[in-house]
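Residues per chain, in single letters:
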Amino acid sequence: MSLNRFFSFSLPLIIMLFSFSIYISISKMITTYETTINNDYSIVLVTTTPITQDVIKKGISFNVKNLKTLSREQILADLRDDVTDGSFALLQTKLPYFYTLSLQEFPTSSSLEKLKKELLSIQGMKSVETFSKDHDNVYSLFLFIKSVSATMFAFMILFTLFIISNQINLWFYEHSERLHIINLHGGSLLYGAKPILKLALLSGLFAGIVVVGGIFYVQQNIDLIFSPELAQLITQSNIVYTPIEVVSIVLISLFISFATVFGVLIKHRFK
């Protein structure tokens, strides 16, 4: 097994696994910020009569986190100096009730429209303000980042499969005479391909270990690698890889490596 062949197997796997780790990191970061934004995101309700959280829960198909009443007294106090006594007296009798509604999960743009319709169908509901423009901008940004990272990962998988399969085909071409002799003596193609299978195993393990080591190195040296602003953003996102995710990286490396080898083996078996 030449060092050149070993690295020709390992490098595409390393690139693919790093793109996978970037995809995981971005997904974790987006999830963290979805949670943060959802905690700050509220829908303003205006009703003609007082309303309770139980009434809201029964009237909509979304999970309600909290319903807070905005103080009418405070609103009236804020308006007291801006209106005449007569207008203020009218406000005291005509002023509607204001609430802020929080949901358990950050809604999609389409579900937000559905939510607004359901809220407006509740008796006594006068107006619903979802701040849809700001919401849609944030949600579209999340979807864009997710789709870019997922597309990048998919392209890296195709790139890895293409490079490794070419290397395996080249190996079969270089060892065609040896494999032919083994076949004449009753040996199977799988037996003759033991060296390439060993190469796939070692390359897969090596790539997985390199990427896992790289991930932990980056986590320990965020301030040295990234700018202060980006380092703070990453730290606040609390991107932590679980043992299952670490093992998954190594298993994906081995799976891609062996799947490509066996795919080429099957191709040569039926030639």
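1. Regarding the side chain of Ser 257
Consideration 1: Tracing the backbone shows Ser 257 in helix α12 (residues 243-269).
Consideration 2: Among the residues examined, Ser 257 registers a relative accessible area of 0% and is labelled buried.
Consideration 3: Separated by 3.0 Å, the side chain of Ser 257 and the backbone oxygen of Ala 200 make a polar contact.
Consideration 4: Residues within four places of Ser 257 in sequence aside, it is in contact with Phe 9, Leu 13 and Ala 200.

2. Side note on the sheet that holds strand β3 (residues 97-103)
Sheet strands pair by backbone hydrogen bonding; their relative direction is either parallel or antiparallel.
Consideration 1: Read across the open sheet, the four strands follow the order β2-β3-β1-β4; overall the sheet is antiparallel. Only two strands of the sheet have a single neighbouring strand rather than two, namely β2 (64-70) and β4 (125-129). In this sheet, neighbouring strand axes are inclined to one another by 25° on average, regardless of whether the strands run parallel or antiparallel.
Consideration 2: In the sheet, strand β1 (residues 43-47) pairs with β4 via four bridges, with the strands oriented antiparallel.

3. Things to note about helix α5 (residues 109-120)
Consideration 1: Over its 12 residues, α5 runs 17 Å from end to end, which matches the ideal 16 Å to within 8%, given 1.5 Å per residue.
Consideration 2: Taken as a whole, α5 has its buried residues at Ser 111, Leu 112, Leu 115, Glu 118 and Leu 119. For α5, the buried positions fall inside an angular range of 125° around the axis, keeping them on one side. Exposed and facing more than 90 degrees away from the buried side of α5 are Ser 110 and Lys 117.

4. Digging into the environment of Leu 11
Consideration 1: Structurally, Leu 11 is set in helix α1 (residues 3-40).
Consideration 2: Assessed through its relative accessible area of 48%, Leu 11 is described here as partly exposed.
Consideration 3: Taking the C-alpha atoms as reference points, Leu 11 and Ile 163, separated by 152 residues in sequence, lie 9.7 Å from one another.

5. A few points about the confidence of the model for the protein chain
Consideration 1: On average, residues of the protein chain score 77 in pLDDT, and 77% of them are at 70 or above.
Consideration 2: Element-level pLDDT for the protein chain is lowest in helix α4 (residues 85-94), with a mean of 61, against a maximum mean of 90 in helix α2 (residues 53-59).

6. Considerations on the pairing of β1
One face of the sheet, then the other: side chains in a regular strand alternate in exactly this way.
Consideration 1: Burial within β1 is extensive, with four of its five residues counted as buried.
Consideration 2: Here β1 runs beside β3; their pairing, made up of five bridges, is antiparallel. The residue of β3 that forms the bridge with Val 44 is Thr 100.

7. Some remarks on a nonpolar patch on the surface
Consideration 1: A cluster of nonpolar residues, Leu 3, Phe 7, Leu 11 and Phe 206, forms a patch on the protein surface that exposes about 370 Å² of accessible area.
Consideration 2: Here the nonpolar patch takes three residues from α1, the largest share from any one element.

8. A short note on the nonpolar core
Grouped burial of nonpolar side chains is what soluble globular proteins tend to show.
Consideration 1: Counting 29 residues, the largest nonpolar core has Phe 9, Ile 168, Phe 172, Ile 196, Ile 249 and Val 261 as the members making the most contacts within it.
Consideration 2: Elements with a contribution of two residues or more to this core: α1, α6 (132-174), α9 (194-220) and α12.
Consideration 3: Within the second largest apolar cluster, 22 residues are counted, among which are Ile 30, Leu 101, Val 128 and Tyr 139.

9. Notes on the packing of α1 against α9
Consideration 1: Two elements in contact, α1 and α9, have axes whose closest approach is 8 Å; the angle formed by their N-to-C orientations is 40°. With respect to their mutual orientation, α1 and α9 come out oblique. Considering the relative orientation of α1 and α9, their crossing is right-handed.
Consideration 2: For the contact of α1 with α9, the residue count by class is 16 nonpolar, six polar and one charged.

Criteria and thresholds
Residues numbered from 1 in each chain as written. Predicted model: local features only at pLDDT ≥ 70, side-chain atom pairs only at ≥ 80, totals over all residues. Heavy atoms only, no water. Helix = DSSP H or I, 4+ residues; strand = E, 2+ residues; numbered from the N terminus. Buried < 20%, exposed > 50% of the residue type's maximum accessible area, 1.4 Å probe, protein only. Polar contact = N/O pair within 3.5 Å; in protein donor to acceptor, adjacent residues only side chain to side chain. Contact = heavy atoms within 4.5 Å. Pairing = 2+ DSSP bridges. Axes fitted to C-alpha atoms, helices over the stretch in contact; angles between N-to-C directions. Expected span 1.5 Å × (residues − 1). Arc of directions from axis to C-beta. pLDDT = per-residue confidence, 0-100. Patch = residues over 30% accessible without salt bridge, like charges linked within 9 Å, V, L, I, M, F, W, Y side chains within 5 Å. Areas by Shrake-Rupley, 256 points an atom, 1.4 Å probe, with all protein chains shown as cover. Salt bridge = Lys/Arg side-chain N within 4 Å of Asp/Glu carboxyl O. Core = buried A, V, L, I, M, F, W, Y, C linked by side-chain atoms within 4.5 Å. Parallel < 35°, antiparallel > 145°, perpendicular 65-115°, else oblique. Left-handed = near helix turned anticlockwise from the far one by under 90°. Nonpolar A, V, L, I, M, F, W, Y, C, P; charged D, E, K, R; others polar.

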